[in-house]
Amino acid sequence: MEKKLKELKEEALKQIEASQALDKLNEIRVAYLGKKGELTVLLKSMKELSNEERPKFGQLVNDVRKTIEEKLEESKTRLALAIREEQLKNEVIDVTLPAKKNNVGHRHPNTIALEEVERIFIGMGYEVVEGPDIEYDYYNFEALNIPANHPAKDEQDTFYINNKILLRTQTSPVQVREMEKGKLPIRMIAPGRVFRSDEVDATHSPSFHQIEGLVIDKEITFADLKGTLAEFAKELFGPQTKVKFRPHHFPFTEPSAEVDVTCFKCGGKGCRMCKGSGWIEILGCGMVHPHVLEMSGIDPKEYSGFAFGVGLERIALLKYEIDDMRLLYENDMRFLKQF
Amino acid sequence: MNTPLSWIKAYVPGLQVTEQDYTDAMTLSGTKVEGFVKFDKNLDKIVVGQIEKIEKHPNADKLVVCQVNIGKETIQIVTGAPNVKEGQKVPVVLDGGKVAGGHDGSPLPEDGIKIKKGKLRGVESFGMMCSIEELGASKEMYLDAPEDGIYILKDDAVVGSDVVEVLGLHDAVFEYEITSNRVDCYSVLGIAREAAATFHQKFVPPVVVSTGNKEDIHDFISVEVADSDLCPRYCARMVKNIKLAPSPEWMQRRLAACGIRPINNIVDITNYVMEEYGQPMHAYDMATLEGKKIVVSRAEEGEEFQTLDGQIRKLDPSILMIRDGVKAVGIAGIMGGENSKITDEVTDMLFEAACFDGTNIRLSAKKLGLRTEASGKFEKGLDPNQAEQAINRACQLIEELGAGEVVGGIIDQYENPRKPKRIVLEADRINQLLGTCIAKQEMLEIFAKLELEYNADTEEVIVPTFRQDLECMADLAEEVARFYGYDKIPTTLPTGEATTGKLSFKLRIEEIARDIAEYCGFSQAMTYSFESPKVYDKLLIPQDSILRQAITIMNPLGEDFSIMRTTSLNGMLSSLSTNYNRRNKTAKLYELGNIYLPKKLPLEELPEERMQFTLGMYGDGDFYTMKGVVEEFLEKIGITQKISYHPEEKKPFLHPGRQAEICYKKTVIGYIGEVHPQVADQYEIGERTYLAVLDMPSVLPLATFERRYTGIAKYPAVMRDISMVVPKGILVGQIEEVIEAKGGQYLESYALFDIYEGSQIMAGFKSVAYSIVFRANDKTLEDKEVNEAMERIIKALKGIGIELRQ
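So, here is what we can say about the structure in this document. (Residues numbered from 1 in each chain as written. Chains lettered and ligands numbered in written order. Predicted model: local features only at pLDDT ≥ 70, side-chain atom pairs only at ≥ 80, totals over all residues. Heavy atoms only, no water.)

1. Side note on the overall build of chain A
Here is the rule: For helices the rule is a DSSP run of H or I covering at least 4 residues; for strands it is a run of E covering at least 2, with both sets numbered from the N terminus onward. Partly exposed residues are those whose accessible area sits between 20% and 50% of the maximum for their type, while under 20% is buried and over 50% is exposed, using a 1.4 Å probe and protein chains only. Note on definitions: a residue-residue contact is assigned when non-hydrogen atoms from the two residues lie within 4.5 Å. All accessibility values rest on the Shrake-Rupley procedure with a 1.4 Å probe; residue burial counts only the protein chains present in the view. Only four residue types enter the charge count, namely Lys and Arg as positive and Asp and Glu as negative; His and the chain termini do not. One atom stands in for each charge, and that atom is NZ of Lys, CZ of Arg, CG of Asp or CD of Glu.
A count of helices and strands for chain A gives 13 helices and nine strands. Summarising its shape, the C-alpha atoms of chain A cover approximately 130 × 45 × 45 Å along the three principal directions. Counting every position in chain A, which comprises 339 residues, the buried fraction comes to 53%. Of the contacts made within chain A by residues no fewer than 6 positions apart, 67% connect residues no fewer than 24 positions apart. For chain A, the exposed surface amounts to about 16400 Å²; the carbon and sulfur share of it is 50%. Looking at charge distribution, chain A has the averaged site of its 49 positive side-chain charges lying 10 Å from that of its 56 negative ones.

Dropping the structure here:
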């Protein structure tokens, strides 16, 4: 009987070893360990044995059962693993097939540039404010030290609605509106649409955008203006950017300057973009003219300030190397998708 | 303003500088150089040669073979020029040299033209003789240049010497951008003064000596200024026995380099002094002046006058005239008269150098549509104190050039001589404004270079009258800063009270609008604020619509840009149309832009500017796609309660059966719909096109960033599906209203999951299926409670003609 048990064990282990499928293993389990399985039958035949032999044989049968069970479990794990592996092998995908996209839309390059500028100045404590597109002559000119019949009025090619209302030619009137509120100090930027009577071509548009900046406080200096705009230029065009301040004239600032930055394409060596000079003009600025402060009810002996104006389209065109301003207002999807 | 550097150097003799250094330094001190053109940029190896022998070319009728002495040797040159003769001295470019351009005067190539020896029709040629155009110059600068052919040099030119030197072409013309406040710099002397100060050199203006014979101009003519408000100063001098002739070469070249064509000595002197001093002058033929006097007075209403260009001009009393004793002879500061102009027969003339009111000249020139070189100078507002010096300078040149006999004396009507302004020098405040510590002494040195004197007793800076731009401390600060160097001023950041950087609530909401629109696949468009009044017809907007009450621009760029938009639709549809016409298969655009609604027309106060969030698309998606974007946006800005859509037929530009007003509670906040096919046709969009417009001022008060957590349900939900047969005319919105009204306190949500019309449903009906979710916060719902709610809903649905589907 012991011999039979041994043969049975070896036969079972052999079968388990050879089986390649989970259901085959199950068949083996039933064939040996099931209710009518061979081992169960063998165990039943134990009653033929003597009382002394019985526990020993029982022990032997149980050992065999345990061995077979262990072997079954082991094979099951092995097989499951093989099957998982087979499955993984069959599930290889072509990762180069096209992506399923939400087709997210695109911001206008003007807005991207504007948000960049806003981010920089908000970080420096500036509030973003707005003023009306259609404006009184007073705010657009007179309060900015450009009295009636001033030649600068002609230079700006103004669109008029009537003799006292016009389409603002600059965002500078927002300066006056903020100063008139009487809340000091002021640190603001004012982005917005401006209008000038220029025919549409690659570099002109009768409607474009400016960003005005204004700081009014005690002891604001030209050095502060330089520092602020140098910081701005570095943030916008990269840390290597240098700035150059050239004397200029604006009726509402004194001293005034135009600001050039080192060409961000060639780094200042000179290229087509900067017309070989290594510098690109980006904005106009200056110390707020004492007349302007006075007209807005601020005492120039106590307060001083600086102001600057940036052409948004200019920044966008330069930054994204757009060669024709008309593209900004055509809204061709093939253009917008690039931003 | 274009000026050759050699002319500047004439008044700043110590100026030794390269063109680039001059450009950089002048720009940094405030006289912006726009660019310069070097005459000798592409001229190389060009020498004076003398033609010793000319022979026929053996193989070509139109060519000749010349032996040309170039000093060290004689070389053979083949030429086709028609004007060469033996013995002439000519410019010769040698083998390996360079000329500026071709002989036809076409635009000069960037790098010039290289000249190499070679064979012409089998005969060797070792160089080329040059025309004036090949030398990069023009016939205007060298009036003796032949119409066609080689430029023949003067007999005294030294053979073998540098032609560029001989012709004075080692020079460059600079173009300046002069700012409107620096009237004094619209002159060679003004720029020279700035150059001297920039380069720390001595400024040596021309010495104007007294001129004139023993006669007295007052014996010939008198001047009366009737309207001195428009003519602060009037100077006149007289010249007899005029001998018209070409002006000397140096004068011609300077004028030509400035872009002024030399004519004759008198005209050239006038122009020369205008460039030099910035003071325009006018000359009248004495023989044409009647009554022995000049009167400066306003024109009569309706007066007509023939200017020297032959045109008849209609005048009015705002325009200032120059008259003699009988008639008008010129429009002051703008243009002289046909009746008194200088002709070749002139013998005596009256020279006028006046100062006219700048604004008046500008307005008159504008009114007449006649902007001249002179009016352009006057309108900037000239310094009356320079008129006398300029006219004396002109008379001095007339004598020096032998152009005529200057009569002694000057007529000078100058009622209120302009006096120098005085500005108290507050060095501390200047430093305070600039953020510098510049010593007062250094400031004074800068002022001295600019001819600003300082009175130590009164501590005042005395500003010469030619510097009309200097009025206050800030102006002096700029002068200090310019010459101290903008680049040397330190860079600091503002200190003081801290401020909060932020976007306004409105701008934050607009930012979210952009984010959501883009997330939903829409790209940002920007369109113009002005458009054509014709767009209303294009949009089928009725004649009496309030939308047609648009603000009109007085001076538009044309009808297409003449009114301020009252709707954002045209911009959007035009952009979609552009995309469609360019064969873009789909386009999804949004715009955030203002419309302009007048409170009253004609405009008396500023209009309302209303920000519109406009969405438009074709090619991909439908009405409900648009609706999705609208709702995503509204949810994101905290509008969580149900938005309702009211089907309307009010918008003529939308499909009558496919449009709705977007409402929140009772407020209309926008509209949405499919574009009317006729409108789509007018915009040439061949696809179904959809629009949605949200009026941001209506949306803003509803928006909020406040959010409150309400807890996540602990008890299970009960879901019931309901399938209905609905008459076609009933909107699902009505069904939803019923569900909401009758669902009771446990109603959590509901969702449409099927809608069907077709063969299995009776005609005139549709099948609609909803799944409705109930849940209590504090217990597990019992079937009974849910059944009751469902019964209420079903009963109410029956009330509007809806049956459950069997």
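2. Quick notes on the pattern of salt bridges
Residue and element names in this part refer to chain B. Cut-off, in case you're wondering: Any Lys or Arg side-chain nitrogen found within 4 Å of a carboxyl oxygen on Asp or Glu counts as a salt bridge.
Taken as a whole and assessed by the stated rule, the structure comprises 78 salt bridges over all chains. Across the pair Glu-249 and Lys-154 runs a salt bridge, and its minimum N-O distance is 2.6 Å. Pair noted here: Glu-249 is in helix H5 (residues 249-257) and Lys-154 is in the loop between strand E10 (127-129) and helix H3 (163-166), with a separation of 95 residues, a long-range link. You can call Glu-249 partly exposed: its relative accessible area is 34%. Lys-154 sits in the partly exposed class, given a relative accessible area of 41%. The shortest N-O distance in the salt bridge between Arg-688 and Glu-674 comes to 2.5 Å. Taken together, the positions of Arg-688 in the loop between helix H17 (677-682) and strand E35 (689-695) and Glu-674 in strand E34 (residues 667-675) put the pair 14 residues apart, joining distant regions of the chain. By relative accessible area, which is 47% here, Arg-688 ends up partly exposed. Taking relative accessible area as the criterion, Glu-674 reaches 3% and is therefore assigned buried. Through salt bridges with shared partners, a single ionic network connects Arg-182, Asp-184, Glu-194, Arg-467, Asp-469, Glu-479 and Arg-482.

3. Description of helix H2 (residues 22-33) of chain A
Structural remark: α-helix, 3.6 residues per turn; residues separated by three or four positions point the same way. Residue and element names in this part refer to chain A. Keep this limit in mind: Helix span is expected to be 1.5 Å times the residue number reduced by one. Directions drawn from the helix axis to the C-beta atoms are what define this arc.
Taking 1.5 Å of rise per residue, the 12 residues of H2 would be expected to cover 16 Å, and the 16 Å separating its terminal C-alpha atoms lies within 8% of that figure. Three or more residues of H2 are buried, namely Leu-25, Ile-28, Tyr-32 and Leu-33. The buried residues of H2 occupy an angular sector of 90° when projected down its axis, which confines them to one face. Exposed residues pointing more than 90 degrees away from the buried face of H2 are listed as Asp-23 and Val-30. Turning to H2, the residues buried within the fold contact helix H1 (2-18), helix H3 (38-44) and helix H4 (53-90).

4. Quick look at the sheet that holds strand E4 (residues 186-195) of chain A
Residues and elements named next belong to chain A. Selection rule: We call two strands paired when DSSP finds no fewer than two bridges between them. Each axis is a line fitted through C-alpha atoms, taken for helices only over the stretch in contact, and angles between the N-to-C directions span 0 to 180 degrees.
Reading across from one edge, E1-E4-E5-E9-E8-E7-E6 is the order of the seven strands in this open sheet, with mixed pairing throughout. Each of the sheet's edge strands pairs with one partner strand only, and the pair in question is strand E1 (127-128) and strand E6 (243-250). As paired elements, E6 and strand E7 (residues 253-262) share seven bridges and run antiparallel to each other. When the sheet's bridge partners are listed, Phe-245 is paired in E7 with Val-259. Running over the sheet, helix H5 (residues 109-123) touches E1, E4, strand E5 (207-217) and strand E9 (304-311) and is turned about 165° from E4.

5. Observations regarding the sheet that holds strand E19 (residues 328-331) of chain B
All names here are of chain B. The mixed open sheet is built from five strands, whose spatial order is E12-E15-E18-E19-E20. Of all the strands in the sheet, the pair left with one neighbour each is strand E12 (222-225) and strand E20 (335-336). Pairing between E19 and E20: two bridges, direction antiparallel. Counterpart to Ile-331 in the pairing with E20 is Met-335.

6. A look at the side chain of Ser-340 of chain B
All names here are of chain B. Filter applied, for reference: The definition of a polar contact used here is a pair of N or O atoms within 3.5 Å, where within protein one atom must be able to donate a hydrogen and the other to accept one, and adjacent residues in sequence count solely through side-chain atom pairs.
Relative to the helices and strands, Ser-340 resides in the loop between E20 and strand E21 (349-355). Note on Ser-340: relative accessible area 0%, which makes it buried. Here the side chain of Ser-340 touches Asn-339 through a polar contact of 3.4 Å, side chain to side chain. Ignoring any residue separated from it by four or fewer positions in sequence, one finds Ser-340 in contact with Ala-283, Tyr-284, Asp-285, Thr-288 and Val-329.

7. A closer look at the interface of chain B and chain A
Cut-off, in case you're wondering: Here the buried area means the combined drop in accessible surface, using a 1.4 Å probe, for two parts upon being joined, counting both sides.
If you look at the interface, chain B gives 87 residues, while chain A gives 87 residues. On the chain B side of the contact with chain A, Tyr-486, Met-526 and Leu-557 of chain B bury the most area, a combined 11% of that side's loss. Applying the counting rule to chain B against chain A returns eight salt bridges. Two residues, Arg-582 of chain B and Asp-332 of chain A, come together in a salt bridge whose shortest N-O distance is 3.0 Å. Connecting chain B to chain A are 45 residue pairs in polar contact (both at pLDDT 80 or more).

That is the geometry; function is a separate question.
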